[in-house]
Amino acid sequence: MKKIYPQGNKELLSMMEKRAVNIERAESIIASLEDVNAPIMDMYGCSTTYLCEAVRNICIDAVRLLLRYGADPNANPPDLDYDCALWELAFISPEDNTPDAYSAAYEIAKLLFSAGAKPTLLIEGEVESLYDHVVYSLYNYEVIDGQMPYYLALYKLMIAYGTEDGNVYSLPKLEAKIDLSRIDDYQIRLFRSDDGYHVEGHMYDPKGNDIGRL
């Protein structure tokens, strides 16, 4: 039987869904929460957390506020319909398949990783982490149209902030340390090998130097 959790604050959830956050009002609501990480029910009867909802709706203002008030970017309570904010980064809804949405999702990813999110976090029932999922998708071209630049940027962030290997894929050993203050200026490029089948990636620093095969 599906577990029912307390109804989330509808005003806050509505602001997230509309991506129209009244910062002062949202902060007041979040500050009053007994446990910012506690599971809730959203406005459609799905079990989730406030941070999952903020990420799922690509609402950067809400993500920023929730992290400020202690939301755990690695939280993954079992048995929720939406159980891990970090994983929501990989599943942008088709109606949000736009450059602006991907740009906002990239900024949210930076906030989550800066707050300690683990790219290699395994959630219950999964054999691959977000890192593993993104790597596999990129090297097997299993990304939807328009999503490739975003997945490459997400891959870059996970390499930069990652501290351990994934469950399936290892972190690359780069020739130079990534300067996180200039992370936006780094770039990953994928190339097909001479056999026309295999794909390899390389990381380039802000000066355009190749600092390692991925």
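Before reading further, recall that the structure is shown in the block above.
Quick caveat: nothing in here was measured; it's all calculated off a predicted structure. (Residues numbered from 1 in each chain as written. Predicted model: local features only at pLDDT ≥ 70, side-chain atom pairs only at ≥ 80, totals over all residues. Heavy atoms only, no water.)

(A) Representation of unusual backbone geometry in the model. Residues other than glycine seldom take positive phi values, yet Ile58 does so here, at roughly 50 degrees. Relative to the assigned elements, Ile58 resides in the loop between α3 (50-56) and α4 (60-68). The class of Ile58 is buried, set by a relative accessible area of 6%. One non-glycine residue, Tyr141, lies in the positive phi region at around 50 degrees. By secondary structure assignment, the location of Tyr141 is in the loop between α7 (130-139) and α8 (148-161). Judged by relative accessible area, which is 38%, Tyr141 ranks as partly exposed. (Helix = DSSP H or I, 4+ residues; strand = E, 2+ residues; numbered from the N terminus. Buried < 20%, exposed > 50% of the residue type's maximum accessible area, 1.4 Å probe, protein only.)

(B) Focus on the packing of helix α2 (residues 23-32) against α4. One way to put it is that α2 packs onto α4 with a least axis distance of 10 Å and a crossing angle of 35 degrees. Where α2 crosses over α4, the two elements pack in a sense that is right-handed. Contact residues: α2 offers Ile23, Ala26, Glu27 and Ile30, while α4 offers Asp61, Leu65, Leu66 and Arg68. A breakdown of the residues in the contact of α2 with α4 according to their chemical character gives 5 nonpolar, no polar and 3 charged. (Axes fitted to C-alpha atoms, helices over the stretch in contact; angles between N-to-C directions. Left-handed = near helix turned anticlockwise from the far one by under 90°. Contact = heavy atoms within 4.5 Å. Nonpolar A, V, L, I, M, F, W, Y, C, P; charged D, E, K, R; others polar.)

(C) Structural context of the sheet that holds strand β3 (residues 187-192). Taken in spatial order, the 3 strands make up an open sheet running β3-β4-β5, and their pairing is antiparallel. Each of the sheet's edge strands pairs with one partner strand only, and the pair in question is β3 and β5 (210-213). Neighbour-to-neighbour, the strand axes of this sheet turn through a mean angle of 30 degrees, independent of strand direction. Judged from the 3 bridges that link them, strand β4 (residues 199-204) and β5 form a sheet pairing that is antiparallel. Note that in β5 the partner of His202 across the bridge is Arg213. Against the sheet, α8 touches β3 and β4, its axis set at about 115 degrees to β3. (Pairing = 2+ DSSP bridges.)

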